[in-house]
Amino acid sequence: MSVSNEKPAVEHLLHVAGEIFASKGASATVREICGEAGCSVAAINYYFGDKQQLYIRCVQTACEQKQQLFPLPKLEDGLPPDHLIRVFLRTMVSRIAGQANLSWHNTLMMREVLAPSPEIAKMLANNFRPDFELLDQLLGKLLGAKLDSDVNRRMLATQILARCMFLRTGKQLRQMLQINCEVSESPELYADSICDSILLQVRAMQMEANAC
């Protein structure tokens, strides 16, 4: 089979398998995937090796496509840290919020973030670490020399990550409690609300430090 024919075949299998895995998790069977994709088990073995490798590839694909669609900002000299934090948060929230054309990617990623298998946890950690390192740098710049410390950066990063994830994990809770909030329906507004609260918190910390 030529390379030109292999690429669409692989993409088709990834799309079909991704939708099924997103709906049923890793327990979905090869037979289900083959039936929906219109291919044989041999095709999955040929392209991916086995179902586990296909599953890992689907998660990796979901992660990579989100990162490509919403690239993180670059640290540029002269740009204020509060601006960079805002852009960073808008990017991260947009990745988490879920776009119509990435429906299975969002669901599958959420499955694995909440309950990852050891192999996939390692893979996701490698994918997420550059994002966290960038956030750590931005928070250090935001805090300034007087307040910058591992403790303060981790405290703020934990708050940011928890609130970003709550956009997806808290959706059912908001529905149960009938909390209809415009901020929760707009990734940009949600990101800005996180950013504004973090900036206020840092300013309060700076005022307290200056008063001492």
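One can find the structure itself at the top, above this paragraph.
Small disclaimer: the values here were computed from a predicted structure and weren't measured.

Peer 1: Can you walk me through the nonpolar core in this structure?
Peer 2: Proteins that are soluble and globular tend to have nonpolar side chains buried together. Within the largest apolar cluster, 29 residues are counted, with the highest numbers of intra-cluster contacts made by F21, F48, L54, C58, V59 and L108. Within the residue set of this core, elements represented by two or more residues are α1 (3–24), α2 (30–37), α3 (41–48), α4 (51–69), α6 (103–114) and α7 (118–147). Top element by residues in this core is α1. It accounts for eight residues. By size, the runner-up hydrophobic cluster in this structure holds 28 residues, among which are F88, L138, L139 and I194.

Peer 1: For this particular structure, what's the right way to read α6?
Peer 2: Helical geometry: 3.6 residues make up each α-helical turn, so side chains three or four residues apart lie on a common side. Taking 1.5 Å per residue as the helical rise, α6 with its 12 residues ought to reach 16 Å, and the 17 Å between its terminal C-alpha atoms agrees with that figure. Considered for burial, the residues of α6 that qualify are W104, H105, N106, L108, M109, M110 and E112.

Peer 1: Can you walk me through the packing of aromatic side chains in this structure?
Peer 2: Here a ring pair, both rings aromatic, is described through the centre-centre distance and the interplanar angle of the planes. Scanning all chains against the criterion turns up three aromatic pairs. Centre to centre, the rings of F21 and Y55 are 4.7 Å apart; their planes meet at 85 degrees, and the pair counts as edge-to-face. Of this pair, F21 sits in helix α1 while Y55 sits in helix α4, and the two are 34 residues apart along the sequence. Side by side, F21 and Y55 carry an identical accessibility label, which is buried. In this structure an aromatic cluster arises from ring pairing among Y46, Y47 and F48.

How each quantity is defined
Residues numbered from 1 in each chain as written. Predicted model: local features only at pLDDT ≥ 70, side-chain atom pairs only at ≥ 80, totals over all residues. Heavy atoms only, no water. Core = buried A, V, L, I, M, F, W, Y, C linked by side-chain atoms within 4.5 Å. Buried < 20%, exposed > 50% of the residue type's maximum accessible area, 1.4 Å probe, protein only. Helix = DSSP H or I, 4+ residues; strand = E, 2+ residues; numbered from the N terminus. Expected span 1.5 Å × (residues − 1). Phe/Tyr/Trp six-rings, centres within 6.5 Å; stacked < 30°, edge-to-face > 60°.

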